[in-house]
Amino acid sequence: NACPFGLYTCCDRMSDVEQVHVSITGEKSVAVSWASPAGEVADLIIEEADGKSSRVIRPASSRYTIFCGSLYAIRCRLPGNYSSPLLLHAEVAVRNSLRYRYRIGTGPWRYFRTPPAPGQRNLRMAVVGDIGQTEFSASTCADLAKVHAAESIDLAVLVGDIAYADTDARRWDSFGRQFDISGCSQVPWLVIPGNHEIEPDDNSGEPFVPYRYRWRTPEVQAEKVGRQFRVLDWNTYSFRGLEYDFGGSFYSVRVGAAHLIALNPYTANAVNSPQITWLRSELERVNRSITPYLIVLTHAPWHHSGLAHQSKNEVATAELQSSAEKLLVEARVNMVFAGHVHAYERSHPIQGIEHFVVGHGGNYEKLYNQWDDSQQSAYHCGVHYGWGLLNLSLGFHTWIARRSRDGQVLDSVSGNATASHAAKDSGHGYLGFFLAALVLAVLTFTAVFFRKRLAQDLHSCRDYLVSIIERREWRQLSGPHTN
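Sequence order sets the numbering: in each chain, residues are counted from 1 along the sequence as written. Totals for whole chains, interfaces and linings use every residue, but because this is a predicted model, local features are given only for residues with pLDDT of at least 70 and side-chain atom pairs only at 80 or more, for both listing and counting. The side-chain quantities take in all heavy atoms of the structure and omit both hydrogens and water.

1. Notes on the state of the cysteines
Turning to step 1, where the next piece is worked out: Note on disulfides: each one is a pair of cysteine sulfur atoms within 2.5 Å. All chains considered together, the criterion is met by 2 disulfides.
Turning to step 2, where the next piece is worked out: Covalently, cysteine 68 is tied to cysteine 76 through a disulfide, its sulfur atoms 2.0 Å apart. Residues cysteine 68 and cysteine 76 are joined through a disulfide that is left-handed, its torsion about the S-S bond being -85°.
Turning to step 3, where the next piece is worked out: Here the term buried applies to any residue with accessible area under 20% of the maximum for its type, exposed to any over 50%, and partly exposed to those in between, with areas from a 1.4 Å probe on protein chains only. By relative accessible area, cysteine 68 is classed as buried at 9%.
Turning to step 4, where the next piece is worked out: According to the relative accessible area criterion, cysteine 76 is buried, its value standing at 11%.
Turning to step 5, where the next piece is worked out: The disulfide that involves cysteine 141 links it to cysteine 184, with 2.1 Å between the sulfurs. Its torsion about the S-S bond being -95°, the disulfide of cysteine 141 and cysteine 184 is classed as left-handed. Remark: cysteine 184 occurs in the loop between α2 (171–181) and β13 (188–191) and cysteine 141 occurs in helix α1 (residues 135–150); sequence separation between them is 43 residues. An identical accessibility class is assigned to cysteine 141 and cysteine 184; each is buried.
Turning to step 6, where the next piece is worked out: Once the bonded cysteines of the protein chain are numbered in order along the sequence, the disulfide links fall as 1-2, 3-4. To qualify as a helix, a DSSP run of H or I must reach at least 4 residues; to qualify as a strand, a run of E must reach at least 2; elements of each kind are numbered from the N terminus.

Okay, here's the thing in structure tokens:
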């Protein structure tokens with residue numbers, strides 16, 4: 001029952017259990033979600049993959065109605081009311097780093113693996129942005145599933161602009177079907193909202209309605225949603241009364257070596273707003289001895305060399321950047337991942353932070369390939385759809401950007417959890433060099449006595465340390481930071 005990807009009306013109803021996906025909702029919890037066009041409630045049967053600890057879970061269910069009208073301030077492709085199928089979410093307490101199998105009612109068995117617990121040093125995280133529902137979107141999901149089958153991906157992150165329903169609410173259903181059957185449903189997800197998820201409802205006055213009903217995320221506290229939304233200018237993302245706090249708007253979760261923080265440009269972002277107030281307190285909770293990597297997820301990038309979507313020209317993005325960036329620099333954030341620009345880009349460290357744009361997941365608005373000549377850009381490409389894979393291991397990381405259609409690696413970089421920020425500090429260059437040399441010697445000796453998998457991790461670390469010494473990057477640790 002393959003759907004004709006790329007057609008506007010793709011993916012007719014396939015069964016009474018469809019649009020299946022798994023979401024991370026906490027350090028030890030996930031949600032298994034699906035839709036039932038027939039309105040039937042089926043139980044979730046879930047067990048560890050070896051057949052132990054079988055449980056039957058009754059899902060929570062809900063529906064929503066959304067009316068596309070004057071609040072959108074543009075012409076609606078599906079004017080009037082849309083009513084969703086029955087949406088079901090089964091919350092499951094899980095153990096970390098285990099493979100689970102589950103079935104919905106009497107359906108087929110499906111599988112996923114839970115992410116590692118905070119403090120575990122290894123993590124494999126996929127990052128996708130602006131995915132939509134085209135043949136290119138399907139290729140991205142298929143390539144991600146291929147990599148996952150070869151060596152498990154612990155979780156995937158979708159940095160906003162999900163279904164591209166864009167005034168036709170039916171497209172959330174066709175997106176859910178494609179996302180499920182093309183391979184993306186094989187891994188657990190973290191999602192954040194983008195501008196295409198704002199979707200105001202004329203009935204209630206509330207924004208983000210489909211996103212809030214269809215996806216589950218970690219939550220700091222229950223969502224708070226305003227009903228006074230007005231569009232001032234879509235071109236500059238200027239809104240009045242756009243309020244979406246907590247819930248799936250902004251949140252944090254710790255997985256393996258990473259403390260992940262999700263931020264939303266499309267809500268109030270003044271220095272005393274709920275999001276920024278929460279961000280200050282959340283940054284104080286970071287414990288680098290448990291999670292050496294501090295990573296931020298947001299939809300609209302703050303630093304990139306694309307000519308379009310510059311943060312200074314977008315009101316919502318500029319306000320978030322103005323209120324949050326200094327806090328992130330002071331907290332020594334390692335990486336910021338964003339989408340919005342339909343291309344791929346990696347920056348040199350900017351105030352110690354590497355910025356990644358991964359807005360080339362596959363949506364119908366096509367790719368973007370117009371660039372400024374920026375010295376801050378380490379690599380950019382606007383002619384291929386794709387996604388990225390971040391590997392964290394023993395305090396080191398590698399990042400690769402893949403082309404979806406054939407899996408070719410277009411860009412890669414490696415580093416450690418402290419190097420980019422250490423470049424701003426003085427007086428530690430020689431210490432860093434000698435410590436690297438000492439660790440190199442220990443890893444070289446230790447790798448001989450370990451089994452193949454661990455030895456590969458150790459050799460990866462060793463290779464990175466060799467590159468530090470051979471390329472004399474240790475000199476940068478005591479030099480001025482120029483970006």
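2. Some details on α2
Turning to step 1, where the next piece is worked out: Most of α2 sits out of view: 10 of its 11 residues are buried.
Turning to step 2, where the next piece is worked out: Turning to α2, its buried residues number three or more, namely Arg171, Trp172, Asp173, Ser174, Phe175, Gly176, Arg177, Gln178, Phe179 and Asp180.
Turning to step 3, where the next piece is worked out: Its buried side turned inward, α2 meets β1 (18–26), β7 (80–83), β10 (110–113), α1, β13 and α3 (209–214).
Turning to step 4, where the next piece is worked out: Directly beyond the C-terminal end of α2, a positive phi value near 120° is found at glycine 183. By definition, residues are in contact when any of their heavy atoms lie within 4.5 Å.

3. Comments concerning the packing of aromatic side chains
Turning to step 1, where the next piece is worked out: Any two of the Phe, Tyr and Trp rings considered here, Trp counted by its six-membered ring, make a pair once their centres fall within 6.5 Å; the pair's planes then place it as stacked at under 30 degrees, edge-to-face at over 60, or tilted in between. Evaluated as defined, the whole model comprises 22 aromatic pairs.
Turning to step 2, where the next piece is worked out: Centre to centre, the rings of phenylalanine 175 and phenylalanine 179 are 5.3 Å apart; their planes meet at 40°, and the pair counts as tilted. With a gap of 4 residues between them, phenylalanine 175 and phenylalanine 179 both fall in helix α2, about one helical turn apart.
Turning to step 3, where the next piece is worked out: Taking 5.4 Å as the distance between ring centres and 35° as the angle between the ring planes, the aromatic pair formed by phenylalanine 250 and tryptophan 278 counts as tilted. Within this pair, whereas phenylalanine 250 is found in the loop between β17 (244–245) and β18 (251–255), its partner tryptophan 278 is found in helix α4 (residues 274–285), the two being separated by 28 residues in sequence.
Turning to step 4, where the next piece is worked out: The class for phenylalanine 250 is buried, based on a relative accessible area of 0%.
Turning to step 5, where the next piece is worked out: Of the aromatic side chains, those joined through ring pairs into one cluster are Trp172, Phe175, Phe179, Trp189 and Trp215.

4. Side note on the environment of tryptophan 302
Turning to step 1, where the next piece is worked out: Structurally, tryptophan 302 is set in the loop between β20 (293–297) and α5 (315–330).
Turning to step 2, where the next piece is worked out: Not counting chain neighbours up to four residues away, the residues in contact with tryptophan 302 comprise Ser311, Thr317, Leu320, Gln321, Ala324, Glu325, Leu328 and His355.

5. Digging into the side chain of histidine 148
Turning to step 1, where the next piece is worked out: For histidine 148, the location among the structural elements is in helix α1.
Turning to step 2, where the next piece is worked out: We classify histidine 148 as buried; its relative accessible area is 12%.
Turning to step 3, where the next piece is worked out: When residues no more than four places from it in sequence are discounted, the contact partners of histidine 148 are Ile153, Gln186 and Val187.

So yeah, pure geometry; function would need other evidence.
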